[in-house]
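Structural characterization, general
The residues making up each chain are set out below.
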Amino acid sequence: MAVEAVSPDWEFDRFDDGSQKIHAEVQLKNYGKFLEEYTSQLKGIEDALDDTIGDVWDFTLDPVSLKLLPYEQSALLELIKTENKVFNKVITVFAALCCEIKKLKHEAETKFYSGLLYYGEGVSDTDAVEGENQIQMGRFIAFLQELSCFVTRCSEVVVNVVQQLASLYCSNKTATKIIESSGVHFQTMYEHLGELLCVLLTLDEIIENHSTLKDNWTMYKRLLKSVHHNPSKFAIREEKLKPFEKLLLKLEGQLMEGMIFQTCVEQQFDTPGNGITVSKNSAFAEEFSVNIRTIFTNVESKLGEPSEIEQRDKYVGVCALFVLHFHIFRTVDKKFYKGLLDVCKKVPAVTLTANIIWFADTFLVAKVPAAAKLLDKKNLISIRTQRESFLHQKAQTLLKDVQSYYVFVTSWLMKMESILSAEQKSEKFADHLSNRCSIFIQGILYAYGISTIIKTTMNLHMSLQKPMTKTSVKALCRLIELLKAVEHMFHRRSVGTADSVSHIIQHLQYQALNSISVAKKRVISDKKYSEQRLDVLSALVLAENALNGPSTKERRLIVSLAISVGTQMKTFKDEELLSLQLILKKLDLVSELQDRVRIHCDCSFLYWHRAVFPIYLDDVYDNAVDASRIHYMFSALRDCVLTMLGARHLESCEQLLENYDREIMDVFKQHLLDKLCKEIEKDLRLSVHTHLKLDDRNPFKVGMKDLAHFFSVKPIRFFSRFIDIKAYVTHYLDKTFYNLTTVALHDWATYSEMRNLATQRYGLMMTEAHLPSQTLEQGLDVLEIMRNIHVFVSRYLYNLNNQIFIERTSNNKHLNTINIRHIANSIRTHGTGIMNTTVNFTYQFLRKKFYIFSQFMYDEHIKSRLIKDIRFFREMKDQIDQKYPFERAEKFNRGIRKLGITPDGQSYLDQFRQLISQIGNAMGYVRMIRSGGLHCCSNAIRFVPDLEDIVNFEELVKEEGLSEETQKASSILDSVLSDLTSNSAEGTEYFKMLVDVFAPEFRSPKNMHLRNFYMIVPPLTVNFVEHSIGCKEKLNKKNKVGAAFTDDGFAMGVAYILKLLDQYQEFDSLHWFQAVREKYLKEKKAVVKEQSVQSSNQDEKLLQTMNLTQKRLENYLEEFELLYFSLSSARIFFRADKTAAEENQEKKDKDEAPKDAGDSSASSSFTDTGTK
């Protein structure tokens, strides 16, 4: 806080009242408070971003990355400032040319290479439309024009570089020298020139190897011919065609014929008008030759060594420079030429870019034919055979290479982790930095070595069209993983690396400056003046100035050029110079650390070798233990995306990207995801069905593959999506289980078990299907029965005691049964609401059946007979001991048959009996629904500890003050529990409802004809017993059609109708079953008596007949007894002990007491539906 200056006039009476101090303290306190708040805000942001935010970065997730390469803000003219003006100009020119070359190289690599390479990609043969190729070429012409301008520019730069160097090394003795150049070797200039020639050479190679481009070019020319003959058809003016054709001819001559490099080196380098002669300049020729040899010596010594880095690219440059030298000076150093070719034995091929491979022998023979003639042909043949043997040998040593690199890289990764995690100690800081520097550089060297092996092997196989073995492919894929592991390590430790790099650069600059200052002192101490010494001093000062600043490319280039001048006159001792060169080399590598890592770890060439991906995935699947390595492969495949953006033959490069994305994903699904899904599903199925012993699951015999490793793999990033293997398999299993459960609901338990097993064994969080669950005992569904109740009651037979329905007949070997458990399962499936609906359906069905029932009872033949029987019984009951005679019932049964029979031999009474059985079956079904509902409710509520004392959850939740959603959920839970409790404690009395709904109508005066029903029961029972015995006898026969052992529906039906008519007392007054018993016992006695009489006669046939008669009588008696028991049981359901009058009285009494709201609403709603 600034305090205003006090005027001197007031100085004399100034006094300290302490207010300023208080004010400062308040401000300090506020500032401290602000800092605390700001710190806590930052902490909050940090926590929100990541739970474990730290120094470790994730390659697949990070939205940002650190760029360590500094950019030069100053112009070259500002950087190159010394007192020596001429020297300044020389260095400025060369530095500017080198920068230009670097820019051109960058443009070629980022724009032109990918544009040419990807031409024709992204359109499959099946999708290709007629004329698509010409359209692609049409889009591509603009790109080719740009390429033409680029090539022209490169040629101009090559001429300028050569002329600038030639003017510096002038052989003309009379001409004034620009600077003393006798001991100056601008090796950097030649290296840059070599790089530029490499670019032109690469463009040639790409076009030469691109058959699609050439074919489409030819098609396009043909198309142009057609346009030329009929321009109006294509809406093109003729005057525009000629210039366009000329342009195409120019492009073809310049680019398409593989003469880009050749045209450049065959240019006219002499410009006598400007006084520049190049071809006759012997000094320059010698200097040129010396530099090529020096570079070559440096390159050759490093090739194939562990410390090799970019030497192969420089070797291509040397070969290109050699060809340029030959074309300018027309001289060949045979020994050097042979030396260049000998390298081919060590380096059989060099990858220029992506899948473009370059053979030095082919290039040198083609471009320097004069020298090739001098060589022995056997030598050239041996180089070619050496190439093939190299490939064969590589295939054998590849595994060994992988193993050794595996050890190297893993130990390097550990060193990186430890050195970046270790605390820096100030006393050993310099050693610490040197250590870090060497480890960083080692990482780059490993990356370069691995990358070279992969590219050379893959591209050689492709170029020589030699197939690769699966083992080789797997080994190469392992190397790709290692390459990416190196890149990921640099990224993961971006923060630590960034921190170290700036310190390492400063340390290296300090060492270089020390070395230069020693040399500078040496120059200054020598008092002899000469221009050469002045140049050296200027160069050293310039190098010092450039090193005193950020380590940008431009500054390092200036240092390199300055040192070329500064090393003459033995300013440095040999060991000093070597040390300085090593420091500068390290400085180059460390300054460009990130770029180097990116370039050497770039796997965009994989686009051309993506056929290896399926084999790789199969290998990953077979060796699931290290499944996480798949991240590295996808990272490698992602590298292709950046180069694809340079494609110019499609409307949008998105098309190419989508095609690639789809292709990779299809392969990934086919070779890994789908296989994994199927295998997991199979494993779960076999595990759940182990009791079936489907196959040998012994891991000692069949082996064991732990696929769970795949589920610990983090989601894989690819394009704009994340591929989560765990989520994919979970979704597949969820979908499969859901669909299969839908098809066969009774399998729900099996799939639930498989879900649980998937969670336990593989940690998959499965989704519940939430399908209505069924059991293996599901039987017919309630809904099915409800919809077809008329079919059900006719096809099924009811058993009263076991509460079970049995199918009457079936085409299968088995008969279906339906019991309470089945009904309970169905109710659980559909909910308890279905019970009322089912009873409602039953009511509708009964209404129809009672209509037929009424018609039968109204029939004159039936009514007259029944009235006659009733009159007889009333008149004769005293004589017949109050028992309805069996003979009359039998007579009635037989008499009905005279009225007529159906085609299948059934009388009207048979049909009436069946009608009553069906009504009884319907009532049996209602009884079973009620029992099933109680069963289901009791199952549902079995987990409630005490039904008498159920806790109110809503009150507890409100007490705890939980959220509104929780309160809502708790109130729903309370209502569910109360429903279940009331339902399990008492069921709805459906029988009573069905009696109440029909009874008034049955008992009304208009239906008086129904009052005769009790009299038809005896003949009906006779008819039923005959039918029942017939059915049971068929059980023992071969043809079992019509066989049955139970039909309690009849008893239920009779009991129900008697209740509706309130005729239990009338029926009981007949004492019918007593009469039957007496009749059969009487007959049985007579037979026994007859047997004892006839036994003395010993007539066996007669005795047999009597035995059979006795057995028949016993059977009939037994059947009647069973029917009596069934009817008695059925009557209990309808409270047969009370008459309608007694029930009404009871009802009146009940009305006075409070009613149960639930039951009354249920019955009233049902009655409403009934009366409708």
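Residues numbered from 1 in each chain as written. Predicted model: local features only at pLDDT ≥ 70, side-chain atom pairs only at ≥ 80, totals over all residues. Heavy atoms only, no water.

**Some details on the overall build of the protein chain**
Of regular secondary structure, the protein chain possesses 44 helices and 7 strands. Taking the principal axes of its C-alpha atoms as reference, the protein chain extends roughly 170 × 105 × 70 Å. Nonlocal contacts in the protein chain, meaning residues at least 24 apart in sequence, comprise 79% of its contacts between residues at least 6 apart. Looking at the protein chain as shown, the accessible area adds up to about 61,800 Å², and 53% of this sits on carbon and sulfur atoms. Each charge class in the protein chain can be summarised by its mean position, and for the 148 positive and 153 negative side chains these summaries are 7 Å apart. (Helix = DSSP H or I, 4+ residues; strand = E, 2+ residues; numbered from the N terminus. Contact = heavy atoms within 4.5 Å. Areas by Shrake-Rupley, 256 points an atom, 1.4 Å probe, with all protein chains shown as cover. Lys, Arg positive; Asp, Glu negative; His and termini not counted. Charge placed at Lys NZ, Arg CZ, Asp CG, Glu CD.)

**Observations regarding the packing of helix H31 (residues 833-858) against helix H39 (residues 1049-1061)**
At their nearest, the axes of H31 and H39 sit 14 Å apart, and the two run at 80 degrees to each other. When the interaxial angle is binned, H31 and H39 end up roughly perpendicular. Of the residues in H39, those touching H31 at Leu 846, Phe 850 and Phe 853 are Tyr 1056, Ile 1057 and Leu 1060. Tallied by class, the residues present in the contact of H31 with H39 amount to 6 nonpolar, no polar and no charged. (Axes fitted to C-alpha atoms, helices over the stretch in contact; angles between N-to-C directions. Parallel < 35°, antiparallel > 145°, perpendicular 65-115°, else oblique. Nonpolar A, V, L, I, M, F, W, Y, C, P; charged D, E, K, R; others polar.)

**Description of the packing of aromatic side chains**
On inspection of all chains with the given rule, the structure shows 66 aromatic pairs. Consider the rings of Phe 737 and Tyr 751, whose centres lie 5.3 Å apart with planes at 35 degrees: the pair is tilted. Note that Phe 737 is positioned in helix H26 (residues 725-743) and Tyr 751 in helix H27 (residues 748-762), a separation of 14 residues in sequence. Ring geometry for Tyr 1080 and Phe 1120: centres 5.9 Å apart, planes at 35 degrees, overall tilted. Of this pair, Tyr 1080 sits in helix H41 (residues 1072-1097) while Phe 1120 sits in helix H42 (residues 1100-1133), and the two are 40 residues apart along the sequence. Accessibility expressed as a relative area gives 4% for Tyr 1080, which makes it buried. Sitting over the face of the ring of Tyr 607, Arg 610 holds its NZ or CZ atom 4.1 Å from the ring centroid. (Phe/Tyr/Trp six-rings, centres within 6.5 Å; stacked < 30°, edge-to-face > 60°. Buried < 20%, exposed > 50% of the residue type's maximum accessible area, 1.4 Å probe, protein only. Lys NZ or Arg CZ within 6 Å of the ring centre and 35° of its normal.)

**Quick look at a positive patch on the surface**
On the surface, Lys 868, Lys 891, Arg 894 and Lys 898 cluster together into a patch of positive charge. The element best represented in the positive patch is helix H33 (residues 886-898), accounting for 3 residues. Its location among the elements puts Lys 868 in helix H32 (residues 860-876). Judged by relative accessible area, Lys 868 falls into the exposed class, the value being 52%. (Patch = residues over 30% accessible without salt bridge, like charges linked within 9 Å, V, L, I, M, F, W, Y side chains within 5 Å. Salt bridge = Lys/Arg side-chain N within 4 Å of Asp/Glu carboxyl O.)

**Structural notes on the pattern of salt bridges**
Considering all chains together, one arrives at 53 salt bridges under this definition. One salt bridge in this structure joins Asp 869 and Arg 888, with 2.8 Å as the shortest N-O distance. Taken together, the positions of Asp 869 in helix H32 and Arg 888 in helix H33 put the pair 19 residues apart, joining distant regions of the chain. Exposure class is identical for Asp 869 and Arg 888. Each is buried. Notably, a salt bridge pairs Glu 954 with Lys 958, separated by 3.5 Å at the nearest N-O pair. Residue Glu 954 and its partner Lys 958 are located together in helix H35 (residues 953-960), separated by 4 residues, close to a single helical turn.

**Comments concerning the environment of Thr 110**
By the element assignment, Thr 110 lies in helix H3 (residues 85-117). Overall, the relative accessible area of 47% leaves Thr 110 in the partly exposed class. Spatially, the C-alpha atom of Thr 110 lies 7.4 Å from that of Gly 646, the residues being 536 residues apart in sequence.

**Re unusual backbone geometry**
Despite not being glycine, Arg 330 shows a phi value in the positive range, around 55 degrees. Inspection of the secondary structure puts Arg 330 in the loop between helix H10 (311-329) and helix H11 (334-346). Taking the relative accessible area as the measure of exposure, Arg 330 reaches 54% and is therefore exposed. Not every positive phi belongs to a glycine, and Ala 354 is a case in point at roughly 45 degrees. Turning to its location among the elements, Ala 354 is positioned in the loop between strand S1 (350-353) and strand S2 (356-358).

**Focus: the pairing of strand S5 (residues 796-799)**
Here S5 shows a buried face lined by Tyr 796 and Tyr 798 and a second buried face lined by Leu 797 and Asn 799. Of the pairings in the sheet, the one linking S5 to strand S6 (residues 804-807) comprises 4 bridges and is antiparallel in character. Considered in S6, the bridge of Tyr 798 is made with Phe 805. Linking S5 to S6, which pair antiparallel, is a turn of 4 residues; within it Gln 803 sits at a positive phi near 50 degrees. (Pairing = 2+ DSSP bridges.)

**Some details on the environment of Leu 513**
Among the secondary structure elements, Leu 513 is positioned in helix H17 (residues 494-525). Through-space distance from the C-alpha of Leu 513 to that of Asn 545 is 9.4 Å; in sequence the pair is 32 residues apart. The residues contacting Leu 513, other than those within four sequence positions of it, are Glu 544, Leu 547 and Asn 548.

**Examining the sheet that holds S6**
Sheet strands pair via backbone hydrogen bonds, and the direction of the pair is either parallel or antiparallel. What the 3 strands build is an open sheet, ordered S5-S6-S7; its pairing is antiparallel. Strands at the two margins of the open sheet, each flanked by one partner only, are S5 and strand S7 (817-818).

**Here's the deal with H26**
Along its 19 residues, H26 runs 27 Å from first to last C-alpha, staying within 8% of the 27 Å computed at 1.5 Å per residue. Those residues of H26 not exposed but buried are Ile 725, Val 729, Thr 730, Tyr 732, Leu 733, Asp 734, Thr 736, Phe 737 and Thr 741. Looking at the buried residues of H26, the elements they touch are helix H24 (653-688), strand S3 (716-718), strand S4 (721-723) and H27. Two to three positions downstream of the cap, the backbone nitrogen of Lys 726 sits 3.2 Å from a side-chain oxygen, assigning the N-cap of H26 to Asp 724. (Expected span 1.5 Å × (residues − 1). Polar contact = N/O pair within 3.5 Å; in protein donor to acceptor, adjacent residues only side chain to side chain.)

**Remarks on the environment of Tyr 113**
Along the chain, Tyr 113 turns up in helix H3. In this structure, Tyr 113 is in contact with Ala 108, Cys 198, Val 199, Thr 202, Leu 203, Ile 206 and Thr 353, ignoring residues within four places of it in sequence.

**Digging into the nonpolar core**
Counting 236 residues, the largest nonpolar core has Leu 144, Phe 186, Tyr 315 and Phe 668 as the members making the most contacts within it. Looking at this core, the element that brings in the most residues is helix H4 (residues 132-168), giving 17 residues. Leave out the neighbours within four places in its chain, and Phe 668 touches Phe 613, Leu 617, Ile 630, Phe 634, Leu 673, Ile 716, Ile 723 and Ile 725. Grouped together as the second largest cluster of nonpolar side chains are 93 residues, Tyr 884, Ile 896, Phe 1013 and Leu 1060 included. (Core = buried A, V, L, I, M, F, W, Y, C linked by side-chain atoms within 4.5 Å.)

**Re H35**
Between the side-chain oxygen of the N-cap and the backbone nitrogen of Glu 954 there are 3.1 Å, and the N-cap of H35 in question is Asn 952. Looking one or two residues beyond H35, the residue adopting positive phi is Gly 961, at roughly 70 degrees.

**Structural notes on the packing of H17 against helix H18 (residues 531-547)**
Two packed helices can be described by the angle between their axes and the distance between those axes. Taken N-terminus to C-terminus, the directions of H17 and H18 make an angle of 160 degrees; their axes are 10 Å apart at the nearest point. Taken together, the axes of H17 and H18 are roughly antiparallel relative to one another. In this structure, the crossing between H17 and H18 has a hand that is left-handed. Facing Gln 509, Ala 512, Leu 513, Ile 516, Ser 517, Ala 519, Lys 520, Val 523 and Ile 524 of H17, the residues of H18 in contact are Arg 533, Val 536, Leu 537, Leu 540, Val 541, Ala 543, Glu 544 and Leu 547. For the contact of H17 with H18, the class distribution of residues is 12 nonpolar, 2 polar and 3 charged. (Left-handed = near helix turned anticlockwise from the far one by under 90°.)

**Topic: the confidence of the model for the protein chain**
With 91% of its residues at a pLDDT of 70 or more, the protein chain shows a mean pLDDT of 86. The low-confidence segment residues 1-8 (pLDDT under 50) makes 5 contacts with residues lying over four places distant or belonging to another chain. Counting contacts from residues 1154-1172, a segment whose pLDDT is below 50, to residues more than four positions away or on other chains yields 20 contacts. (pLDDT = per-residue confidence, 0-100.)

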